[in-house]
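Geometric and topological summary
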Amino acid sequence: MTDIRPLLSNRIVWYVAAGLLLAQLPLLKYGQFWWRLPRNEKLAMLFVAGVFAAACIAALFFERERTWSAAGRTLVRSMAILGVFLLALAALDRNAPAYLLLPLFATLALVIPLSVSPLARSIVPVILLGAATVGVAGYAMSHVQRERPSEPTVRRSYLQTAFYTLEAMSFERYVPRPATRGGALDLLGEKVLLSTGDGALYLLDFPQGATAPIVERLRTRVPNNREEFAAAFGGSANAPTTAAEWTDAGPPRVQTWRFRVADVIAIRDANRVRLLASHHWWKGEEDCLVVRISELTVPAHEFPANVEHAEWRTFYETTPCIPMRGPMRLRGKNPFHGEEIGGRLALLDERTLLLTLGDHGFSGIESPLVFAQDPDAAYGKTMLIDLATGRSRVFTMGHRNPQGLYVTREGLIWQTEHGAQGGDEVNVLVEGGNYGWPRVTYGTNYGSTVWPIGEAQGVHDGYRAPQYAWLPSIGISPIIRIEGDALFPIWQGSLLAGSLATRSLYRLVTEGERIVLSEPIALGKRVRDILEMPDGRILVWTDDAALVMLAPAKGDDGATLFAVQCSGCHTIEDGMSHRIGPDLHAVLGRSMGSASGFDDYSPAMRAQRGAWTRERLDRFLQDPQGVVPGTSMAFAGIVDARQRAAIIDYLSKSASPR
């Protein structure tokens, strides 16, 4: 009798390697092990495991030879097994995501049939499959979402703009990560008041020359009843940070963590400190929610020491109360568009407050209610509120989700708002103006090429048009104007807008009320608020709870000198991430004019012989044209020998290839 154990062992190696590859899929997709996925994803993984195991067992049981006819039979058998499982899924009203189904199909169509083909006699396919498994596993493990370190960290980076090289100091974990996104910054004397999205309040001090902010948590918080709202729908008040934290609240899912604080401002005089915060509020007895402005007033001499003894009161509340159930509610997969709160606050003068309010998704598509064009509804408006009496009136209407608001010294009101799929806007607000939403927009409905209820497609005819719009959307958030000239004299008068989707800042150059230029500044973080400090520095609050301080790069260390004098043309990445000039990673010891993949060397540089040494690089940095006559490097050189030495020391840290 023929010993079939070697044959079976060979196939088992194939199947184990293929199974390990399939097991990496959740790591590649979500950065999570499969057992930490939500219930629906776990069931999908079990489905994949069941189909794969059944096909492997069938091949082991039915095929005792290595022939192409056996491979053909195995292919048909594997597809039949997959079909039976898919029918079972359909009968149970379940589905499996494409990121699992497509690799499963490829495995059933290729790997398992090849394991019983003549190719299975060779060890080479098994080696290749094993190598692929190890490679994918290594990549997947490197992307596993791990717990963030709890210690505060300062990260320094440099950002290139048209006129300034910015030093970005990112202070991370100095403020504990909030339960949800949102929040805002405002000046309170020489300090900064920060409200997080979950209502925690902090005083921040950024002394000149200090290496880190001084953070003081106030013994009070904005009174938004987030936990009560979440409990009403069986959800969580905490925003999910990993796939495992997404919960099934049943269709339609209520994204309860989007219930949040939107903005805070501080008003201080000789006698008192007055805090005003905009936020959601859940009315459980009425089964609906509103947006409130809550007020906290503390005698100036008792702030912040005795703030815990002061009581918040409701200063303003929107009408009507937004329904969460019943025929007027939002329909679809998510009946709570809390991210569309708007909620920005700004003082027009000493007596008058301006509040922006989003329409929370009530645009006439997912509900018959159209808040932004209803004069009796506060949503989709900007509201003018008397600070003494609390009385309010509509200032402008026709807004979707206005998340930025800034009043200039001259009284011009700049406002930013999210479009739908495209059409993010910068507006100048004029009392009585109708800005058109949802009747007109430059955007379209999500997943569509039209705006289905638009009076006209792609125009703002009949309504006040924006000063500027983006297509595609950038997820525009706050906006300020650079008022001072101490640090950024060339930027004075420019607008600075934040972005959530592109994780950037945008410098907007204006001529009167017209925006003539938009300069993106890649920050790498979702920008939630921006504040100009009294000394001219720019403070940014981000959705990952980082405080980023921006200032023109200054200093005599190598990193700063390289950023200011070299990074406009060069990077130090991997030796191949070239810009106008070649990437300078591992430049010391590299042959002159030889960066891999850089084809724009001048003939003069290509003609050079030998490698870059410290001495040759020092001479070149001092006088590029003198050392390499005809070089395309349009740079006069660095006179200061100490600066050249610092830059070369900085470059030497990347002297060995990574």
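Criteria and thresholds
Residues numbered from 1 in each chain as written. Predicted model: local features only at pLDDT ≥ 70, side-chain atom pairs only at ≥ 80, totals over all residues. Heavy atoms only, no water. Pairing = 2+ DSSP bridges. Helix = DSSP H or I, 4+ residues; strand = E, 2+ residues; numbered from the N terminus. Axes fitted to C-alpha atoms, helices over the stretch in contact; angles between N-to-C directions. Disulfide = S-S within 2.5 Å. Buried < 20%, exposed > 50% of the residue type's maximum accessible area, 1.4 Å probe, protein only. Salt bridge = Lys/Arg side-chain N within 4 Å of Asp/Glu carboxyl O. Parallel < 35°, antiparallel > 145°, perpendicular 65-115°, else oblique. Contact = heavy atoms within 4.5 Å. Nonpolar A, V, L, I, M, F, W, Y, C, P; charged D, E, K, R; others polar. Polar contact = N/O pair within 3.5 Å; in protein donor to acceptor, adjacent residues only side chain to side chain. Expected span 1.5 Å × (residues − 1). Bend = angle between axes of the 7 residues up to and from the residue. Phe/Tyr/Trp six-rings, centres within 6.5 Å; stacked < 30°, edge-to-face > 60°. Core = buried A, V, L, I, M, F, W, Y, C linked by side-chain atoms within 4.5 Å. Patch = residues over 30% accessible without salt bridge, like charges linked within 9 Å, V, L, I, M, F, W, Y side chains within 5 Å. Areas by Shrake-Rupley, 256 points an atom, 1.4 Å probe, with all protein chains shown as cover.

**Observations concerning the sheet that holds strand 3 (residues 183-188)**
Pairing is antiparallel in the open sheet, where four strands are placed in the order 3-4-5-6. Two strands close off the open sheet at either side, each with one partner strand: strand 3 and strand 6 (214-221). In this sheet, adjacent strand axes meet at a mean angle of 25 degrees when their direction is disregarded. With five bridges joining them, strand 5 (residues 200-205) and strand 6 adopt antiparallel strand pairing. What sits directly across from Ala200, in strand 6, is Arg221.

**Some remarks on the state of the cysteines**
Under the definition given, this model contains one disulfide. Counting only cysteine sulfurs, Cys569 is the nearest neighbor of Cys566, a cysteine outside any disulfide, at a range of 8.9 Å. The class for Cys566 is buried, based on a relative accessible area of 10%.

**What to know about the pattern of salt bridges**
The tally for this structure, following the rule as stated, stands at 35 salt bridges. A salt bridge links Arg400 to Glu340, with the nearest nitrogen and oxygen atoms 3.2 Å apart. In this pair, Arg400 sits in the loop between strand 15 (392-397) and strand 16 (401-407) while Glu340 sits in the loop between strand 11 (322-323) and strand 12 (342-349), placing the two residues 60 residues apart along the sequence. Pair check on accessibility: Arg400 and Glu340 agree, each one buried.

**Describing the pairing of strand 26 (residues 546-552)**
Of all seven residues in strand 26, seven are buried, a share of seventy percent or more. When strand 2 (residues 165-172) meets strand 26, the two strands line up antiparallel, connected through seven bridges. Considered in strand 26, the bridge of Glu172 is made with Ala546. Across four bridges, the pairing between strand 25 (residues 538-542) and strand 26 is antiparallel.

**Describing the packing of helix 8 (residues 558-565) against helix 12 (residues 641-652)**
Direction vectors running N to C along helix 8 and helix 12 enclose 100 degrees, while the axes themselves pass 8 Å from each other. With respect to helix 12, the element helix 8 is oriented roughly perpendicular. Counting all contacts with helix 8, which are made through Gly558, Ala559, Leu561, Phe562 and Gln565, the residues of helix 12 involved are Gln643, Ala646, Ile647, Tyr650 and Leu651. Classifying every residue of the contact of helix 8 with helix 12 gives seven nonpolar, three polar and no charged.

**Some words on the sheet that holds strand 2**
With antiparallel pairing, five strands are arranged side by side in an open sheet as 1-2-26-25-24. Either end of the sheet is taken by a strand with one partner, and the two such strands are strand 1 (153-160) and strand 24 (527-532). Within this sheet the neighbouring strands show an average axis-to-axis angle of 20 degrees, counted without direction. As judged from the five bridges shared by strand 24 and strand 25, these two strands associate in the antiparallel manner.

**A short note on the side chain of Arg537**
Within the secondary structure, Arg537 is located in the loop between strand 24 and strand 25. Residue Arg537 is classed as buried on the basis of its relative accessible area of 13%. Of note is the side chain of Arg537, whose polar atom sits 2.7 Å from the backbone oxygen of Phe206. Apart from residues no more than four positions distant in its own chain, Arg537 is found in contact with Phe206, Pro207, Gln208, Leu487, Leu531, Glu532, Met549, Leu550 and Ala551.

**Overview of helix 5 (residues 98-114)**
Relative to the 24 Å expected for 17 residues at 1.5 Å per residue, helix 5 spans 23 Å between its end C-alpha atoms, a close match to the ideal helical length. Where helix 5 bends most, at Thr107, the angle is about 35 degrees. Here helix 5 has its buried residues at Tyr99, Leu100, Leu104, Thr107, Leu108, Val111, Ile112 and Pro113.

**Remarks on the packing of aromatic side chains**
Enumeration over the complete set of coordinates arrives at 21 aromatic pairs. With centroids separated by 5.4 Å and ring planes inclined at 70 degrees, the aromatic side chains of Phe229 and Trp282 adopt a geometry described as edge-to-face. In this pair, Phe229 sits in helix 7 (residues 226-232) while Trp282 sits in strand 8 (residues 272-283), placing the two residues 53 residues apart along the sequence. Note on accessibility: Phe229 and Trp282 belong to one class, buried. Centroid distance Trp437 to Trp451: 4.8 Å. Interplanar angle 35 degrees. Geometry classified as tilted. Remark: Trp451 occurs in the loop between strand 18 (424-428) and strand 19 (468-470) and Trp437 occurs in the loop between strand 18 and strand 19; sequence separation between them is 14 residues. Across the pair, Trp451 and Trp437 agree in class, each one buried.

**Structural notes on the nonpolar core**
The biggest cluster of nonpolar side chains holds 32 residues, and the ones touching the most others in it are Leu166, Val426, Leu505, Leu508, Ile538, Val540 and Leu550. What Leu508 contacts, discounting residues up to four positions off in sequence, is Val426, Trp470, Ser494, Leu495, Ala497, Ile515, Leu517 and Ser518. Ranked by size, the runner-up nonpolar core spans 31 residues in total, among them Leu330, Phe362, Ala378 and Tyr379.

**Thoughts on a nonpolar patch on the surface**
Side chains of Ile12, Val16 and Leu20 sit close together on the surface and give an oily, nonpolar patch of about 250 Å² of accessible area. Position of Leu20 relative to the elements: it lies in helix 1 (residues 5-23).

**A word on the environment of Leu43**
Take Leu43: it is sitting in helix 3 (residues 39-62). Along the primary structure Leu43 and Ala96 are separated by 53 residues, whereas in three dimensions their C-alpha atoms are 8.5 Å apart.

**Side note on the pairing of strand 7 (residues 261-268)**
Among the eight residues in strand 7, six count as buried, and that is most of the element. Two strands pair when backbone bridges link them, and strand 7 and strand 8 are joined in this way by seven bridges, in the antiparallel orientation. Note that in strand 8 the partner of Ile265 across the bridge is Leu276. Where strand 7 folds back onto strand 8 in an antiparallel hairpin, the turn is made up of three residues.

**Overview of the environment of Leu22**
Its place among the elements puts Leu22 in helix 1. For Leu22, a relative accessible area of 7% corresponds to the buried category. A sequence separation of 85 residues divides Leu22 from Thr107, and the C-alpha atoms of the two residues are 8.6 Å apart. Apart from residues lying up to four places away in sequence, Leu22 is in contact with Met45, Val48, Phe52, Pro103, Leu104 and Thr107.

**Some details on helix 8**
Burial analysis of helix 8 places six of its eight residues in the buried class, which makes it a mostly covered element. Those residues of helix 8 not exposed but buried are Gly558, Ala559, Thr560, Leu561, Phe562 and Ala563. Of the surrounding secondary structure, the elements contacted by the buried residues of helix 8 are strand 1, strand 2 and helix 12.

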